[in-house]
Amino acid sequence: MTDTSHTYSAAAEAGRLRIRRTRWQRLQLELMKAPASAKIGLSIILFYAAMALFAPLIAPYGEAEILPQPYAPWSAEHWLGTDQIGRDILSRLIYGARNTIGIALLTTLLAFAIGGGLGLMAAISRGWLDQILSRGVDVVMAIPSLIFALMLLSVFGSSAASLILIIALLDSTRVFRLTRAVSVNVVVMDYIEAARVRGEGLGWIMRREILPNILPPLVAEFGLRFCFVFLTIASLSFLGVGIQPPTADWGSMVRETAQLIQFAKYDLSAAITPLIPAGAIAMITVGVNFTADWFLHKSSGLRDEQ
Amino acid sequence: MSSKTQDVLLEMRDVRIEGFSDEHWNPIVKGVDLTLHRGEVLGLIGESGAGKSTLGLAAMGFVRAGCRISGGSIRFGDTDLRTASEAEKRRLWGTRLTYVAQSAAASFNPAHRLITQTANAAIREGLFSASEARGAARGLYQAMSLPEPDQIGLRYPHQVSGGQLQRVMTAMAMLPQPDLIVFDEPTTALDVTTQAEVLLAMRRIVEQHNTAAIYITHDLAVVAQMADTIKVLRHGQEVEEAPARNMLSAPKEAYTRSLWSVRKLEKVTKPASETVLAVDSVDAAYGTVKVLDDVTIRLPRGRTVSIVGESGSGKSTTARVIMGLLPPRRGQVVFEGSALPPGLKGRSKQQLRRIQMIYQMADTAMNPRHTVGEIIRRPLEFYHGLTGAAAEARVLELLEQIELGADFYDRLPSELSGGQKQRVCIARALAAEPDVIICDEVTSALDQIVQEGILRLLMRLQKECGISYLFITHDIATVQAISDEIVVMHKGKVVEQGPKEEILSPPHPEYTRLLLTSVPEMDPDWLTRLAASREAGTNPATG
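Calculation criteria
Residues numbered from 1 in each chain as written. Chains lettered and ligands numbered in written order. Predicted model: local features only at pLDDT ≥ 70, side-chain atom pairs only at ≥ 80, totals over all residues. Heavy atoms only, no water. Helix = DSSP H or I, 4+ residues; strand = E, 2+ residues; numbered from the N terminus. Rg over C-alpha atoms; globule rule 2.2 N^0.38 Å. Buried < 20%, exposed > 50% of the residue type's maximum accessible area, 1.4 Å probe, protein only. Contact = heavy atoms within 4.5 Å. Lys, Arg positive; Asp, Glu negative; His and termini not counted. Charge placed at Lys NZ, Arg CZ, Asp CG, Glu CD. Expected span 1.5 Å × (residues − 1). Arc of directions from axis to C-beta. Disulfide = S-S within 2.5 Å. Salt bridge = Lys/Arg side-chain N within 4 Å of Asp/Glu carboxyl O. Pairing = 2+ DSSP bridges. Axes fitted to C-alpha atoms, helices over the stretch in contact; angles between N-to-C directions. Patch = residues over 30% accessible without salt bridge, like charges linked within 9 Å, V, L, I, M, F, W, Y side chains within 5 Å. Areas by Shrake-Rupley, 256 points an atom, 1.4 Å probe, with all protein chains shown as cover. Parallel < 35°, antiparallel > 145°, perpendicular 65-115°, else oblique. Left-handed = near helix turned anticlockwise from the far one by under 90°. Nonpolar A, V, L, I, M, F, W, Y, C, P; charged D, E, K, R; others polar. Phe/Tyr/Trp six-rings, centres within 6.5 Å; stacked < 30°, edge-to-face > 60°. Lys NZ or Arg CZ within 6 Å of the ring centre and 35° of its normal.

So, about the overall build of chain B. Counting its secondary structure elements, chain B contains 22 helices and 20 strands. Its C-alpha atoms give chain B a radius of gyration of 25 Å, within 12% of the compact-globule value 24 Å for 543 residues. Principal-axis analysis of the C-alpha atoms gives chain B an extent of 80 × 55 × 45 Å. For chain B, buried positions account for 57% of its 543 residues.

A few words now on the overall build of chain A. The secondary structure content of chain A amounts to 13 helices and 0 strands. Moving toward the C terminus, one meets the helices and strands of chain A in the order α-α-α-α-α-α-α-α-α-α-α-α-α. A globule of 306 residues ought to have a C-alpha radius of gyration of about 19 Å, yet chain A, at 25 Å, is considerably larger. In terms of overall dimensions, chain A has C-alpha extents of about 90 × 55 × 30 Å along its principal axes. Across the 306 residues that make up chain A, the buried fraction comes to 42%. Considering only intrachain contacts with a sequence separation of at least 6, the fraction spanning at least 24 residues in chain A is 70%. Positive and negative charge centroids in chain A, built from 25 and 22 side chains respectively, lie 5 Å apart.

Residue and element names in this part refer to chain B. For helix 16 (residues 388-401), spanning 14 residues, the distance from its first C-alpha to its last is 20 Å, which sits close to the expected 20 Å at 1.5 Å a residue. Looking only at helix 16, the buried set comprises Ala 391, Arg 394, Val 395, Leu 398, Leu 399 and Gln 401. In an axial view of helix 16, the angular spread of the buried residues amounts to 155°, which keeps them on one side of the axis. Along helix 16, exposed side chains directed more than 90 degrees from the buried face belong to Ala 389 and Glu 400. The secondary structure elements touched by the buried residues of helix 16 are helix 15 (372-384), helix 17 (418-431) and helix 18 (448-465). Of the residues one or two after helix 16, Glu 403 is the one with positive phi, at around 65°.

The next subject is the state of the cysteines. Residue and element names in this part refer to chain B. Per the stated rule, a full pass over the model turns up 0 disulfides over all chains. Of the cysteine sulfurs around Cys 439, a residue in no disulfide, the closest is that of Cys 425, at 11 Å. By relative accessible area, Cys 439 is classed as buried at 0%.

On to the pattern of salt bridges, then. A side chain of one charge can pair with a side chain of the opposite charge if their charged atoms are brought near each other. Tallying each qualifying case throughout the model produces 46 salt bridges over all chains. Close ionic contact of Arg 38 of chain B with Asp 179 of chain B constitutes a salt bridge, the shortest N to O distance being 3.4 Å. Pair noted here: Arg 38 of chain B is in the loop between strand 2 (24-37) and strand 3 (41-45) and Asp 179 of chain B is in the loop between helix 7 (162-174) and strand 7 (180-184), with a separation of 141 residues, a long-range link. A residue is classified by how much of its surface remains accessible, and Asp 179 of chain B, at 16% relative accessible area, is buried. Through salt bridges with shared partners, one network takes in Arg 198, Glu 200 and Glu 209 of chain A together with Arg 377, Arg 378 and Glu 381 of chain B.

The next thing to look at is the sheet that holds strand 9 (residues 229-234) of chain B. All names here are of chain B. With respect to topology, 6 strands assemble into an open sheet ordered 6-7-8-3-9-10, the strand pairing being mixed. The outermost strands of the open sheet, each flanked by one partner alone, are strand 6 (97-100) and strand 10 (237-243). Going from strand to strand, the sheet's axes swing by 15° on average, the running direction of each strand aside. As paired strands, strand 7 and strand 8 (residues 212-217) are joined by 5 bridges and run parallel to one another. When the sheet's bridge partners are listed, Asp 184 is paired in strand 8 with Ile 216.

With that settled, the discussion passes to the side chain of Thr 107 of chain A. By secondary structure assignment, the location of Thr 107 of chain A is in helix 4 (residues 89-125). Dropping the residues within four chain positions of it, Thr 107 of chain A is found in contact with Ile 164, Ile 167, Ala 168, Val 229 and Ile 233 of chain A.

Here the focus is a nonpolar patch on the surface. Residue and element names in this part refer to chain A. A contiguous nonpolar patch, built from Trp 74, Ile 261, Leu 268, Ile 272 and Leu 275 and spanning about 460 Å² of accessible area, is present on the exposed surface. Position of Ile 272 relative to the elements: it lies in helix 11 (residues 268-272). Judged by its relative accessible area of 35%, Ile 272 falls in the partly exposed class.

All names here are of chain B. Orientation of helix 17 relative to helix 18, taken along the N-to-C sense of each, is 15°, at an axis distance of 10 Å. Taken as axis vectors, helix 17 and helix 18 run roughly parallel relative to one another. The chirality of how helix 17 crosses helix 18 is right-handed. Contacts between helix 17 and helix 18 involve Gly 419, Gln 422, Arg 423, Ile 426 and Leu 430 from the former and Val 450, Gly 453, Ile 454, Leu 457, Leu 458 and Leu 461 from the latter. Considering only residue class, the contact of helix 17 with helix 18 consists of 7 nonpolar, 3 polar and 1 charged.

All names here are of chain B. Bridge count for strand 19 (residues 485-490) against strand 20 (residues 493-499) is 6 bridges, and the pairing is antiparallel. Among the inter-strand pairings, Val 488 is bridged to a residue of strand 20, identified as Glu 496. Between strand 19 and strand 20, which pair antiparallel in sequence order, lie 2 residues; one of them, Lys 491, sits at a positive phi of approximately 50°.

Looking now at the sheet that holds strand 16 (residues 355-358) of chain B. Residue and element names in this part refer to chain B. In spatial order, the strands read 16-17-18-13-19-20; together these 6 strands make up an open sheet with mixed pairing. Whereas interior strands pair on both sides, the edge strands pair on one side only; in this sheet they are strand 16 and strand 20. Strand-to-strand twist across the sheet, computed as the mean angle between neighbouring axes with direction ignored, equals 15°. With 4 bridges joining them, strand 16 and strand 17 (residues 436-440) adopt parallel strand pairing. The residue of strand 17 that forms the bridge with Ile 355 is Val 436. The sheet contacts of helix 18 involve strand 13 (304-308) and strand 18 (468-473), and relative to strand 18 the element is tilted by about 155°. Sitting on the sheet, helix 21 (residues 510-517) is in contact with strand 13, strand 19 and strand 20, with an inclination near 105° to strand 19.

All names here are of chain A. Their axes nearest at 7 Å, the elements helix 9 (residues 202-239) and helix 10 (residues 250-257) cross at an angle of 35°. Relative to helix 10, helix 9 is oriented so that their crossing is right-handed. Packed against helix 9, whose contacting residues are Phe 230, Ala 234, Ser 237 and Phe 238, the element helix 10 presents Trp 250, Gly 251, Ser 252, Val 254 and Arg 255 at the interface. Taken together, the residues of the contact of helix 9 with helix 10 break down into 5 nonpolar, 3 polar and 1 charged.

We now examine the packing of aromatic side chains. Counted by the stated rule, this structure contains 8 aromatic pairs over all chains. An angle of 65° between the planes, with centres 5.9 Å apart, marks the rings of Phe 230 of chain A and Trp 250 of chain A as edge-to-face. One end of the pair, Phe 230 of chain A, is in helix 9; the other, Trp 250 of chain A, is in helix 10, with 20 residues separating them in the sequence. On the numbers, 5.6 Å between centres and 40° between planes, the contact of Phe 183 of chain B with Tyr 215 of chain B is tilted. Placement of Phe 183 of chain B in strand 7 and of Tyr 215 of chain B in strand 8 is noted, with a sequence separation of 32 residues between them. Considered together, Phe 183 of chain B and Tyr 215 of chain B belong to a single accessibility category, that of buried residues. The rings of Phe 47, Tyr 48, Phe 226, Phe 230 and Trp 250 of chain A are connected pair by pair, giving a single aromatic cluster. The lysine or arginine in question, Lys 349 of chain B, covers the ring of Phe 382 of chain B, its NZ or CZ lying 4.2 Å from the ring centre. Looking at Arg 411 of chain B, its charged tip hangs above the ring of Phe 408 of chain B, at a distance of 4.3 Å from the centre.

This next bit is on the environment of Ser 70 of chain B. Residues and elements named next belong to chain B. Counting through the fold element by element, Ser 70 comes out in strand 4 (residues 67-76). Counting along the chain gives 45 residues from Ser 70 to Trp 25, while the straight-line C-alpha distance between them is 10.0 Å. In contact with Ser 70, other than residues within four places in its own chain, are Arg 16, Ile 17, Glu 18 and Arg 82.

See below:
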């Protein structure tokens, strides 16, 4: 057994190196290994994103363009017919992707900025700040969020800005809890102490030392949170206090065309019309969930990689 | 069957084990033979990653998740453990084949009483009735010198100390009177004083019942006490095997000799110089629990002062007070003649820069998401304002200095071995260009051969840069290797303080004597002598 050197050398010690790949190569490899559900989820998201981004190019008519014939049936001219005041439903569906997804995304980002920031601060400082924030969050979470949102919206009015702010605030409580819980485990590590002893400020410790380590669960939560926000906005719109006309939005489209269902025995396609925006809502929820599931599995399933 | 083969309890031939990583199977154990006779104790030693634990578990027919036995044969008595069904193996496990894990605290179920867990396997397999098993368990607790052997079994795992838990686990392994026990580093996590007690108890019981054992460790002095035969492993292959005494006195292979040489590292004491850092009659407490009581320590410039003591003696708390993490209740920390502000917030960047700390667990001391380059670069940027190419050049210089090199720049901590990680932590401390480095048990999580490398590096850096070290440790061999002065701490108080030679030679205060005699020596008769002297209550001759 004298073939291996017996003199000690730190550089040579242990050290079969992991194969280094560029970020892009790793991404390709991950995508290839992804389960079918994740691929479906990703394609749904890509499809919706394309719709939202290129809505004016794809939609045959304008978002609020009123055409002479209301309640037009499905035809070559209006693939999904027109609504009660003669707007092309397909066009509104496509613009709806832009509005509903855009507002939901903005709301989720805001919820993460508020909840994540406060959660990190609570985890680092502990003590009274943590107590105040955590108990405050408990109180807010004790009230059913949809009812709370309805109440606040009726007080502040249903503008897009107040919609975004109110839902973001309500949802940030859940983000706060998660961020605090995962950061508490990181805060006790020696490298955080090492950074404090070095004299680093709170901002650096939050951004550079903690955030990279809690990112995987937060990204997965972002996907799920987005779905909930999306559903909340759709429900509020369905109830009439969400996104206001003439802005196209799937939730209010379901409401506006809902009464068409009763004509099912005369024209089946008319009855399907209100189900299409509902289906669009369901599809994106499923797509985002599939993707978030895959990501959660990847970030928690360390065993698979070892 | 001849009497010779009947005598053989376990026979492993050309055992090969593979682990799955990076999308293919990599060999961990590359064809090892192992024969164990009834009543024989085999010591399995080697650096981490040598395959010791994997081989030890394979001796029980067990492999960890993600591993597989890819070749060879394992015969235990009349059973072929490679082909035996899970049910057959489960009947052997916990009865004829038992296992003592490294971390007892992580191995007990916190929801059940100790005695229930001790007796469980024996009752399940019908070896004893419930009351017989409990009686036997109490007998073993007594044999393991556990306090209140009749009552201790009624406690839950969190209600006893780590050393006691380790002994309860050994009692659990002994209870069914097994043919073979596999001990996987059973004392590594214990204090020296507790370790000596546990070793004594384990050896006594193994001898009494003529049980065979495989003892896995990286501590040579410990294996010297326990084993009849020693097998050295490296990179999954056998280096050599010989009776313990022969192996200790005349190791054949160069690698084995290099393992032995670690303990021979010694530093010539330098005379004291002017004081750079002093802890001046400090009291400190966590809440209402007082942990430091009138502690005074003086660190001369360019020298190494070691603080020794068992866990809970206040060593690490002293370090926290110096670093400003725990403001003292009374007293002060004096740096170059002027008192430092007690808390971290009151200290200036320069004051922080000049005292750096290296942690015991290099794993948790480095952010797993930062590369080696980023880790070393940050103090350069933060304290010295170095950026861009200048910072990078300095990082490379530091990497050279810690004997790693430029290819480590882009690696993540998870891609480094234990010793390499600790070196990066040393480089991070060096980057600040400090006057004092506090080393908190920096080598105790490492293998001996790696320890030696780290200690040599620290000594070289002291010579080159004139850094002073405050070295916190519980390992006397390390103390001998590196220190100029020694401080002995016990229960938050300084027991003794002075030059190394003075502290290590008699006469000793009571606690220092206990600490020094508990450190295993390479002499295979050390434990026997210790047992005799503790029974007689006299002072053994220390080697």
